[in-house]
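Chain by chain, the residues run as shown.
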Amino acid sequence: MKRLIAALLLTATPAMSFDIQSMSDTEKAAFGEAVREYLMANPEVLIESINVLEERRAADSAQNDQALVAANRDAIFDDGHSWIGGNPDGDLTIVEFIDYRCGVCRRFNDEVHKVVEEDGNIRLIVKEFPILGQDSEASARFAVAVKQIAGDDAYRKAHDELIALRSSASIEALTGVAEKIGVDADEVINTMNTEDVTAVLRENHQLAERMAIQGTPTFVIGDELLRGVPQAGLTKSIQQIRADMADQG
């Protein structure tokens, strides 16, 4: 009987809810013992309950993230200053918030660009989001300065060099990168600390703050916000998001 009572209470719907405060101390003790006895005999119920709770939290989080994407759409997809690669007219846009000193960003960089190139119908946007110290900041400023001075092709070269740079992002190292990609090192370095460059990083940080982005890499793919590397892999995530978009019309 105790197990039956506990099972009914654990699975009660709101319409079957009860007020435990109305119980006497004896009834509360009996109720607690019944619940304990039931859970000890049926521990899988607790696991199932936890799984349901996690699924609900994940669904709520995803819904909230979609709302954040919708509320910040212009700043995410059309800020006027971020580098755009891949297919500018692609049916799907991927936005990546990166830090050049982020180990995961570095390991994942080749896969991101490989997926974009092989797909052929993806628009890729990169947003510098330096959060790991002075070398992160210097690298991001260098990349933004290169884009402002020399354009998109030079930026892509700078991006690939910076993501692979293992030394400190010193003036000497950045000068070497500039010379390697064929841009004026003095001009780029003198531009790094200008307000034009600072404004780009400020906007990126403000956007990240509004969207509660605290780490890199973070992706926006279509209407979905993915915090970190997708567990299913980038290709499968893209396929699923495209399928969801098709279902939504």
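Now for a look at the structure at hand. Sequence order as written defines the numbering, with residues in each chain counted from 1. Where totals are concerned, whole chains, interfaces and linings use all residues; where local detail is concerned, this predicted model gives features only for residues with pLDDT of at least 70, and gives and counts side-chain atom pairs only at 80 or more. The side-chain numbers reported here are obtained from all heavy atoms of the structure, hydrogens and water having been left aside.

1. Some words on the packing of helix 5 (residues 103–119) against helix 11 (residues 234–247)
Axis lines are fitted to C-alpha atoms, over the contacting stretch for helices. Their N-to-C directions set the angle, which ranges from 0 to 180 degrees. In this description a helix means any DSSP run of H or I spanning at least four residues, a strand means any run of E spanning at least two, and both kinds are numbered starting from the N terminus. Running from amino to carboxyl end, helix 5 crosses helix 11 at an angle of 45 degrees, the nearest separation of the two axes being 10 Å. Here helix 11 runs oblique to helix 5, going by the angle between their axes. Side by side, helix 5 and helix 11 meet where Phe108, Glu111, Val112, Val115 and Asp119 of the first sit next to Leu234, Thr235, Ile238 and Arg242 of the second. Of the residues belonging to the contact of helix 5 with helix 11, the class tally is five nonpolar, one polar and three charged. Roughly parallel means an angle under 35 degrees; roughly antiparallel, over 145; roughly perpendicular, 65 to 115; everything else is oblique. The criterion used for residue contact is that any of the two residues' heavy atoms lie within 4.5 Å. We call Asp, Glu, Lys and Arg charged. Ala, Val, Leu, Ile, Met, Phe, Trp, Tyr, Cys and Pro are nonpolar, and the rest, Gly among them, are polar.

2. What about the environment of leucine 68?
Position of leucine 68 relative to the elements: it lies in helix 3 (residues 43–71). Linking leucine 68 and aspartate 223, residues 155 residues apart in sequence, is a C-alpha distance of 9.3 Å. Discounting residues that sit within four places of it in the chain, leucine 68 has contacts with Arg210, Met211 and Arg227.

3. A closer look at the packing of helix 7 (residues 152–164) against helix 8 (residues 171–181)
It is the contact of helix 7 with helix 8, at a shortest axis distance of 10 Å, that shows an interaxial angle of 135 degrees. Relative to helix 8, the element helix 7 lies oblique. Here helix 7 and helix 8 pass one another in a crossing that is right-handed. Along the contact surface, helix 7 presents Ala154, Lys157, Ala158, Glu161 and Leu162, while helix 8 presents Leu174, Val177, Lys180 and Ile181. For the contact of helix 7 with helix 8, a count of residues per class yields six nonpolar, no polar and three charged. Crossing handedness follows the turn of the near helix against the far one: under a right angle anticlockwise gives a left-handed crossing, and clockwise gives a right-handed one.

4. Some words on the pairing of strand 5 (residues 224–227)
For a regular strand, side chains alternate in direction, first toward one face of the sheet and then toward the other. Here a strand pair is declared whenever DSSP counts at least two bridges between the two strands. Of the strand pairs in this sheet, strand 4 (residues 218–221) and strand 5 are connected by four bridges, and their pairing is antiparallel. Its bridge partner being in strand 5, threonine 218 is matched across the sheet by arginine 227. The antiparallel pairing of strand 4 with strand 5 creates a hairpin that spans two residues between the two strands, and glycine 222 there sits at a positive phi of about 65 degrees.

5. A few points about helix 7
Every helix has an expected span of 1.5 Å times one less than the residues it contains. A rise of 1.5 Å per residue sets the reference length of helix 7, with its 13 residues, at 18 Å; its end C-alpha atoms lie 19 Å apart and thus fit the reference within 8%. Of all the residues in helix 7, the buried ones are Ala154, Tyr155, Ala158, His159, Leu162 and Ile163. Along the long axis of helix 7, the arc covered by the buried residues comes to 160 degrees, so they all point the same way. Think of it in three bands: with a 1.4 Å probe and only protein chains considered, a residue is buried below 20% of the maximum accessible area for its type, exposed above 50%, and partly exposed in between. Arc definition: directions from the helix axis to the C-beta atoms.

6. Focus on a negative patch on the surface
A cluster of acidic residues, Glu179, Asp184, Asp186 and Glu187, forms a negative patch at the surface. Note that glutamate 179 resides in helix 8. Residue glutamate 179 is classed as exposed on the basis of its relative accessible area, which comes to 58%. Residues forming no salt bridge and having over 30% relative accessible area are the ones grouped into patches, like charges within 9 Å of each other and nonpolar side chains (Val, Leu, Ile, Met, Phe, Trp, Tyr) within 5 Å. Per-residue accessibility takes into account occlusion by the displayed protein chains alone, with areas from the Shrake-Rupley method and a 1.4 Å probe. One side-chain nitrogen of Lys or Arg within 4 Å of one carboxyl oxygen of Asp or Glu is enough to make a salt bridge. For the purpose of counting charges, residues Lys and Arg are taken to be positive, whereas Asp and Glu are taken to be negative. His and the chain ends are not included. We put the charge of a Lys on NZ, of an Arg on CZ, of an Asp on CG and of a Glu on CD.

7. Side note on the pattern of salt bridges
With the rule as written, the count across this model stands at twelve salt bridges. Of the charged contacts, one joins arginine 101 and aspartate 135 as a salt bridge, the two residues approaching to 3.8 Å between their closest N and O atoms. A residue pair is termed long-range when its members are at least 10 positions apart, and arginine 101 in the loop between strand 2 (92–98) and helix 5 and aspartate 135 in helix 6 (residues 134–150) qualify at 34 residues. Between arginine 141 and glutamate 137 there is a salt bridge, with its nearest N and O atoms 2.9 Å apart. One end of the pair, arginine 141, and the other, glutamate 137, are both in helix 6, four residues apart, so they sit about a helical turn from each other. For arginine 141, a relative accessible area of 11% gives the class buried. Of the residues examined, glutamate 137 reaches a relative accessible area of 27% and is grouped as partly exposed. Three or more residues joined by partner-sharing salt bridges are found here, namely Asp91, Asp119 and Arg242.

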